[in-house]
Structure formats: C-alpha cells, structure tokens
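These are the residues of each chain, in order.
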Protein chains: 2
Amino acid sequence: MSQRVMVVEQILNANDQLAAENRLKLDANGVFAINILASPGAGKTSVILRTIEALSERLSLGVVEGDTAPVTIDADKVSARGVPAVQINTGGNCHLDAVMFQMALPQFDLAQLDLLIVENVGNLICPANFRLGTHKNVLIASVPEGDDKPYKYPGIYRGVEALIINKIDLLPYVTFDMDYFRRGVEMLNPGLVTFPLSCRTGEGLEAWVEWLAAATQAKSITRVAGKD
Amino acid sequence: MSQRVMVVEQILNANDQLAAENRLKLDANGVFAINILASPGAGKTSVILRTIEALSERLSLGVVEGDTAPVTIDADKVSARGVPAVQINTGGNCHLDAVMFQMALPQFDLAQLDLLIVENVGNLICPANFRLGTHKNVLIASVPEGDDKPYKYPGIYRGVEALIINKIDLLPYVTFDMDYFRRGVEMLNPGLVTFPLSCRTGEGLEAWVEWLAAATQAKSITRVAGKD
C-alpha cells in the first residue's frame, strides 16, 4: 500500500518538474497562460470564443484544446475566428498533463504570443492534480449544474485563482441559491475572484475580459522590464 | 510502455473479477441494480429522488451514493424519503469501483431489496472503465450541457444500456439540436433506449419509471422461478 502511494508521488513530481519547465518557456517569451477547468458542458469553449471576440484585436492569442476523443469540434471553432489552435487528444485520458502541454507549445510562435488559453478536458476531479505550467487556473461553474458543486468537488475549487459562474441567464429557470454556492466557495478558497456572466447574453463578460487583459498586460510589462 | 499497459489491464481484470462476484450476490438475492453515470450537475440525484417518489410504494429500494468528498448531501436527501442509503466516499478518486461497491452491499438487507440504484461520481470519463457488477448502466445527459457531448465523450455513451436526457424544460432557453445529439448517440450505441424528461416539471418521467419497474419486475420473476 505504501509502495503504491510512493509511485503516485513520483508521477506527480515528474509532472511538476515538466510544468516548471513549461512555465520557464512561457516566461522567457512573455506569454501569459491560463488553464481553464470545468465540468463537461459548463461553457469552456463558449467563454473562450467570447474572450477571443473581445480581445483578439488588442492581444495576440493562442488556444490549446484538450479532448479525450479525436474530435476537433472546439479547435475548429477557434481556428474559424483566426486564432491559432492546437488540439491535444488525450486518448481517453481524463485530464491534460505537463507532457501533453509541453508537446503543444512548439506548435505556437511563442515570441509573438501574449495570451495562451488552455481548455482542459471536461472533468471536475482529475485535472486538479496535474499542473501544466500555466500562470493561473480558472474554473468555470455553470448555473444549471446546481449550487452544491463546491461542497461535492472541493479539490478543484481549492486549486484555482479565478472562478467564472456561467449561464446566469438561466437563473430564473433553475433552482440555484447563489448565497449557498458562494458560501461553499468562500470556505474552500477565501477571497477568490469571481465573475458571474452569461456567454449567451453577454452580461458580465466585460469584468472577466478586463481582468484577463490586465493580468496579461502585467505579464507583458514584466517581460519588457526584464529585457531592459 | 508495454509494461505500463499490462499493469492497467491487470487492474481492470481484478475489478471485473470482483464485479462478477457482486453480480452473483445481487442475483442470488433477486436484486436488480443500476449504475447511474453523468457529468456533475446533470441531475443524477434529482432523477433518483423522482424515481423513489414514483416507485417506493411498489418496490423495495436502496441507494448507494458515490462522492469524491466526505459529504452526505445526496445520501441525506434519499434517507429523508425513507429509503436506505449508503454513502461511499472515494477519497478524491474519480469513480466508483467494484471493491467499493462490494463494501457497500453488506449495509443493505439484500433479501428484502428489489432495486438498488447506484449514483456514481459525477464524471463522463473514468467511471466508464470500471464495472461494478450492476445489471445496467444508465447515463444521464442534460440539455444545458450541450448537444456535442456524445461526440466528445464517446466512451461513456458506448458503455450504457439506457440514456436519460434530463432538463428538457430548458430547451427553449439554450442552444441544443436534438437531432445532432441523437445522431451522435445512434452512431456510438445504435438503438439505445432513450428517455427525454424533466425532473423539474415531471414531463417524460413516467416512461423512465415504467421501463425501470418492468426491468426490476422481470428480474424478480426470474428469482422466483429460480427458487421454484
């Protein structure tokens, strides 16, 4: 039993080692990268497409699409908007890891990139344990999933630096106690920055987009300063 | 590389072996068991509560609740309706397996039970690979998750014997092409029995409940015949 735990730790350490290398490569090129986590159907791709709409004229963007199946549905949507997209097929695996991300990075012209968005596999459990080397983990919850998700999937709520609450346009049609939800989040991750929004109506998107633009800009200024 | 694959196969075989033992124990007691799979927030617990409402006077029910965290939110809801519920905490693991199910079985008076409903961990990937020993796998999709899920999570759509499409009351408020969704399902699992329904309004529930009651009854008749 203790031997089995040891093996798991070694895998995580190898992954963390590669994640650190990925981070160095991103930093060297002044690229700000976020890792988007969510349940299937919470709206990861919709948020990414809305973000592209809002930011593609101000920033140079790239997207990594993680999927368990060899389908390019999401990558095609991103490419159709003129943004470079790289598809990672995990071969049935339930999460991206630092090795997969490392293999995707050379597909981009990193020196030209400001912001790299990674769409992880739709899953609230496994991706929490595998860092990629991105700068921030962003979780997307969605109203129709229900208000009890922080209580049921605490691991992923603990490990993120921003939270989007998507599909707020559906609040009138479902049972979702926002206070109960927020209490759960606050318990796990005090002070977490949160963006309630609707990709469908556009409500609330600006706050998210401006937060992301500012974080990307801060990174870019660091790069310029570093080069001086 | 080939060594790593071998280890995975051995784990699956050990799980299948235990699943077969679980099935024998269920069969010996004439218990019909289903394994409910879904994404987080698709409505597993709501379907179970509606099923209890509809069937608890006709059948003797039991529920196993799988959760990654030590919370008894769902088990408490089931117990409150007078149905025995056993909570399995997977300790962060992303799926139930045959060992956990085996540990839960002695908590029930199997000789008195007609139908045992297992609520698996909310996840569209990992639970597909671990049989428990139940008689049927039932997948719950939900309208707000989007119509592309069969294309993105083919493994789980291939491995089930019934499909519930929950939250059809939200069809007017979201983009969901039912034909596109059904084509994806048909490609992966031809002829799969499907129940579009809404736990919120009750629409479509009767077809699901009667299908489940008939399957449970058929099992019970087999038991009586076997005992004769």
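Residues numbered from 1 in each chain as written. Chains lettered and ligands numbered in written order. Predicted model: local features only at pLDDT ≥ 70, side-chain atom pairs only at ≥ 80, totals over all residues. Heavy atoms only, no water.

A. Just the overall build of chain A, in detail. Counting its secondary structure elements, chain A contains eight helices and seven strands. A compact globule built from 228 residues would reach a C-alpha radius of gyration of about 17 Å, and chain A, at 17 Å, matches this within 12%. Taking the principal axes of the C-alpha coordinates as reference, chain A spans close to 55 × 50 × 35 Å. Long-range contacts, defined here as pairs at least 24 residues apart, represent 75% of the contacts in chain A between residues at least 6 apart. If you sum the accessible surface of chain A, you get close to 9800 Å²; carbon and sulfur atoms cover 52% of it. Both charge centroids of chain A, one from 20 positive and one from 26 negative side chains, sit 2 Å from each other. (Helix = DSSP H or I, 4+ residues; strand = E, 2+ residues; numbered from the N terminus. Rg over C-alpha atoms; globule rule 2.2 N^0.38 Å. Contact = heavy atoms within 4.5 Å. Areas by Shrake-Rupley, 256 points an atom, 1.4 Å probe, with all protein chains shown as cover. Lys, Arg positive; Asp, Glu negative; His and termini not counted. Charge placed at Lys NZ, Arg CZ, Asp CG, Glu CD.)

B. Layout of the sheet that holds strand S5 (residues 136-142) of chain B. All names here are of chain B. Read from one edge to the other, the open sheet built from seven strands follows the order S3-S2-S4-S1-S5-S6-S7, with strand pairing classed as parallel. What marks the edges here is a single partner per strand, and that holds for strand S3 (85-89) and strand S7 (193-196). Here the strands of the sheet are splayed against their neighbours by 20° on average, with no regard to which way each runs. In this structure, strand S1 (residues 32-38) lies alongside strand S4 (residues 115-119), joined through five bridges in parallel fashion. In the sheet register, Asn35 faces S4, and the bridge partner there is Val118. Contacts between helix H7 (residues 178-188) and the sheet are confined to S5, strand S6 (162-166) and S7, with S6 contributing the most and set at about 160° to the helix. (Pairing = 2+ DSSP bridges. Axes fitted to C-alpha atoms, helices over the stretch in contact; angles between N-to-C directions.)

C. Inspection of the nonpolar core at higher detail. Core analysis: the biggest nonpolar cluster contains 47 residues, and Tyr157 and Leu163 of chain A together with Tyr157, Leu163 and Phe181 of chain B have the highest contact counts within it. No other element matches the four residues that H7 of chain B contributes to this core. Non-local contacts of Phe181 of chain B, meaning those with residues more than four positions away in its chain, are made with Ala141, Gly146, Asp147, Pro150, Tyr157, Leu163, Ile165 and Phe176 of chain B. (Core = buried A, V, L, I, M, F, W, Y, C linked by side-chain atoms within 4.5 Å. Buried < 20%, exposed > 50% of the residue type's maximum accessible area, 1.4 Å probe, protein only.)

D. Molecular detail of the pattern of salt bridges. Under the definition given, this model contains 14 salt bridges over all chains. Among the ionic pairs, Lys152 of chain A bridges to Asp74 of chain B, the shortest N-O distance being 2.6 Å. Remark: Asp74 of chain B occurs in helix H3 (residues 73-79) and Lys152 of chain A occurs in helix H5 (residues 149-152); the pair is interchain, linking two chains. Ionic contacts of the salt-bridge type, sharing partners, join the residues Asp74 of chain A together with Asp148, Lys149 and Lys152 of chain B into one network. (Salt bridge = Lys/Arg side-chain N within 4 Å of Asp/Glu carboxyl O.)

E. Looking closely at the environment of Leu18 of chain B. Residues and elements named next belong to chain B. Note on placement: Leu18 falls in helix H1 (residues 2-28). We classify Leu18 as buried; its relative accessible area is 19%. In contact with Leu18, not counting residues within four places along its chain, are Ala98, Val99 and Gln102.

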